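Listed below are the residues making up each chain.
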Amino acid sequence: MGDDDKALTSEEISASAPVTFQLSECTIDAQERAALAIDVAYVQWRADFRRTVIAAGVLNRPWRSVFEADMMFSIVAHRWLAERPITHKELATYFEIFVTEATVSRHLDDMEESGMIVRQTDPDDRRRIFLLPTRRLETIGHGYLQARIRLMREHGFVWVGSNEAASDLA
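This write-up is about the structure you can find in this document.

What counts, and at which threshold
Position labels on residues start from 1 in each chain and follow its written sequence. Only residues with pLDDT of at least 70 get local features here, since the model is predicted, and only at 80 or more are side-chain atom pairs given and counted; chain-wide, interface and lining totals rely on the full set of residues. Side-chain metrics rest on all non-hydrogen atoms present in the structure, leaving aside hydrogens and water. Whether two aromatic rings pair depends on their centres lying within 6.5 Å, for rings of Phe, Tyr and Trp, where Trp uses its six-membered ring; planes under 30 degrees apart make the pair stacked, over 60 edge-to-face, and the rest tilted. The helix and strand labels rest on DSSP assignments: H or I over at least four residues marks a helix, E over at least two residues marks a strand, and numbering proceeds from the N terminus. Buried, partly exposed and exposed residues are distinguished by accessible area as a fraction of the type maximum, computed with a 1.4 Å probe on protein chains only: under 20%, between the cut-offs, and over 50%, respectively. For a Lys NZ or an Arg CZ to count as sitting over a ring, it must be within 6 Å of the ring centre and within 35 degrees of the ring normal.

1. Things to note about the packing of aromatic side chains
Here is step 1 of the chain: Evaluation of the coordinates by the stated rule reveals 4 aromatic pairs.
Here is step 2 of the chain: Measuring from ring centre to ring centre gives 5.9 Å for Y42 and Y144, while their planes differ by 80°; the resulting arrangement is edge-to-face. Taken together, the residues Y42 in helix α2 (residues 30-55) and Y144 in helix α6 (residues 135-154) connect sequence positions 102 residues apart. Per residue, the accessibility class of Y42 equals that of Y144, and both read buried.
Here is step 3 of the chain: Aromatic side chains W45 and Y144 sit 6.2 Å apart centroid to centroid with 55° between the ring planes, which places their arrangement in the tilted category. Here W45 is found in helix α2, whereas its partner Y144 is found in helix α6, with 99 residues between them in sequence.
Here is step 4 of the chain: In this structure W45 comes out as buried when scored by relative accessible area, which is 16%.
Here is step 5 of the chain: On the basis of relative accessibility, which here comes to 14%, the residue Y144 falls in the buried class.
Here is step 6 of the chain: Each residue in the set Y42, W45 and Y144 is aromatic and connected to the rest through ring pairs, giving one cluster.
Here is step 7 of the chain: Lying over the aromatic face of Y42, R148 brings its terminal NZ or CZ to 4.2 Å of the ring centre.

Okay, structure coming up:
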């Protein structure tokens, strides 16, 4: 976050009463509007991509929740790229507030069945199961990430280099 960025406190969120206001009163700036436009464009792209993947026969059935699946794929891939593979249990903790561990397991079963991830037992602790991306996930990930980059560029965002981005995600 930059110097001008500010994290909202729970008090500020609570104080924000759900009152309708006029567009002219909106305080969302141009950069924030662009970020919102990226989200909307991504939702449209993702819906089209889902139809393409299903039509291509990559999946036997659609993901239970495409957005949960996207988040899981992103976390698995990011942790693997950071050379710290995530375990099944760790992944489940990211989602514990809104889904059960059983739901996460069902997603992972679907992902493994479609060849996107593999489960690998930790040789040092056979109770731990690492989740690792496959070449198929990498191939599909390229299309997914290139679309995200294109959408960001179309809305004015610019890549500033790998050092800043890598340190933010570690």
